[in-house]
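Next come the chains, spelled out residue by residue.
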Amino acid sequence: MFDLPTLEAAAALVHRAFPPTPQIAWPLLAARSGAEAWVKHENHTPTGAFKLRGGLVYMERLRRERPAVRGVVSATRGNHGQSLAYAGARHGVPVTIVVPEGNSREKNAAMQALGARLVEHGADFDAARQHATALALAEGLEFAPSFAPDLVLGVATYALELFRGAPPLDALYVAIGLGSGICGCILARDLLGLPTEIIGVQSTEAPAYALSYAAGRVVTTESAATLADGMAVRIPDPAALALIRRGAARIVTVSDAAVAAAIRAYWQDTHNLAEGAGAAPLAALLQERGRMAGKRVGLVLGGGNIDLALFRDWVLAPGGQDVPPG
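An account of the accompanying structure is given in this report. For clarity, every value in this text was computed on a predicted model and none was experimentally measured.

## Quick notes on the nonpolar core
Right, on to step 1. Grouped together as the largest cluster of nonpolar side chains are 75 residues, with contacts concentrated most on Met 59, Ile 182 and Ile 244.
Right, on to step 2. Residue contributions to this core peak at 10 residues, all from helix H7 (residues 149–165).
Right, on to step 3. Other than its neighbours up to four places away in sequence, Ile 182 contacts Val 174, Ile 176, Ile 198, Ile 199, Gly 200, Ile 244 and Ala 248.
Right, on to step 4. Formed by 36 residues, the second largest nonpolar core is a distinct cluster that contains Leu 29, Val 39, Ala 171 and Leu 299.

## Comments concerning the pattern of salt bridges
Right, on to step 1. Under the definition given, this model contains 22 salt bridges.
Right, on to step 2. Close ionic contact of Glu 8 with Arg 164 constitutes a salt bridge, the shortest N to O distance being 2.8 Å. Here Arg 164 lies in helix H7 and Glu 8 lies in helix H1 (residues 4–15), a separation of 156 residues in the sequence.
Right, on to step 3. Overall, Arg 164 belongs to the partly exposed group, its relative accessible area being 48%.
Right, on to step 4. In the salt-bridge network here, residues are joined through shared partners; they are Lys 40, Glu 42, Arg 53 and Glu 161.

## Points about the pairing of strand S2 (residues 36–41)
Right, on to step 1. The element S2 is largely enclosed, with a buried count of 5 among its 6 residues.
Right, on to step 2. Bridging between S2 and strand S10 (residues 296–301) involves 6 bridges; their strand directions are parallel. Of the residues in S10, the one forming a bridge with Ala 37 is Val 297.

## Some remarks on the packing of helix H11 (residues 256–270) against helix H12 (residues 276–287)
Right, on to step 1. Packing of H11 against H12 leaves a shortest axis separation of 8 Å and a crossing angle of 95°. By the angle between their directions, the pair H11 and H12 is classed as roughly perpendicular. Where H11 abuts H12, its residues Ala 258, Val 259, Ala 262, Ile 263, Ala 265 and Tyr 266 lie against Gly 276, Gly 278, Ala 279, Ala 280, Leu 282 and Ala 283.
Right, on to step 2. In the contact of H11 with H12, the residues fall into 10 nonpolar, 2 polar and no charged.

## Digging into H11
Right, on to step 1. The end-to-end C-alpha distance of H11 is 21 Å, a good match for the 21 Å that 15 residues give at a rise of 1.5 Å each.
Right, on to step 2. Among the 15 residues of H11, 11 are classified as buried, and the element is accordingly described as predominantly covered.
Right, on to step 3. Those residues of H11 that sit buried are Asp 256, Val 259, Ala 260, Ala 261, Ala 262, Ile 263, Arg 264, Ala 265, Tyr 266, Asp 269 and Thr 270.
Right, on to step 4. One or two steps after H11, the chain reaches His 271, where phi turns positive at roughly 55°.

## Some remarks on the sheet that holds strand S4 (residues 95–99)
Right, on to step 1. Across the sheet, which stays open at both edges, the 4 strands sit in the order S5-S4-S3-S6 with parallel pairing between neighbours. Taken across any chain shown, the strands that pair with only one partner, and hence form the sheet edges, are strand S5 (117–120) and strand S6 (142–143).
Right, on to step 2. Pairing between strand S3 (residues 72–75) and S4: 4 bridges, direction parallel. Bridge pairing in S4 links Ala 75 to Val 98.
Right, on to step 3. Across the sheet, helix H5 (residues 105–113) is in contact with S4 and S5; its angle to S5 comes to roughly 145°.

What counts and what doesn't
Residues numbered from 1 in each chain as written. Predicted model: local features only at pLDDT ≥ 70, side-chain atom pairs only at ≥ 80, totals over all residues. Heavy atoms only, no water. Core = buried A, V, L, I, M, F, W, Y, C linked by side-chain atoms within 4.5 Å. Buried < 20%, exposed > 50% of the residue type's maximum accessible area, 1.4 Å probe, protein only. Helix = DSSP H or I, 4+ residues; strand = E, 2+ residues; numbered from the N terminus. Contact = heavy atoms within 4.5 Å. Salt bridge = Lys/Arg side-chain N within 4 Å of Asp/Glu carboxyl O. Pairing = 2+ DSSP bridges. Axes fitted to C-alpha atoms, helices over the stretch in contact; angles between N-to-C directions. Parallel < 35°, antiparallel > 145°, perpendicular 65-115°, else oblique. Nonpolar A, V, L, I, M, F, W, Y, C, P; charged D, E, K, R; others polar. Expected span 1.5 Å × (residues − 1).

None of the figures reported here should be taken as evidence of function without further support.
Right, here's the structure in full:
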């Protein structure tokens, strides 16, 4: 999909907007997981999530190659839309974002604050995506998919930073939404010639990629009813699936309760706030604690954009079962 000089050039482009995010080995996470846990803090970007990297690369190319473009439309649950809105404002490209009905109010407000026109349509992400493609045709807009080469190239820059900034990693856990993050990690690892295992993470309530990985073909699900909305996808992208099947060691599924416990663990052990998809890799590591004991493991904290109400009602709900440090 791209070579190392192209990836390094993309990193330079991203770093014109914000500096590399940190990768930190947290002692309390090591005590909790039994592994040397290196966290890649993509919650520290200007939009609070890794998706911004892909939006910057995508929008720079679009503006350079099609300067007369009327605007961009896309569908999102939040982080992809914020990335396009931020990058669109930076490059003078109008952005329309379609979100499902009942989407996060705080993410909606963030996209609008960055200048996006917001449209609510459909019961879930896939319904919103279909409406966005219809709007692109009706209004003469460029449809920006959630998985595309420019997006993968952009988000792969965090993997480049992580692999070069941390000691050699035995494994790296990455949440899977539509697949740009894990695909970027696989490609960056391969370009650097590293043996690191890449392990995908999905919700038990939205396991389309896990089912597809096992079946060797695209398998869709009827619902994606996880509270970790960054993983709430029913229909895998075929190109993403092919790359994941070639380059990932396995896909682990985690429950919403395990993700909530991981969000609490991040706050207790690092004082970082993680959204559901951001905490899912830690949930997977804790689920595989025995298997990963003594290893050096990377965790992609892909974002910290969780609504206050959701944090209160889900993460702080009584009766949660936590794994104490040590």
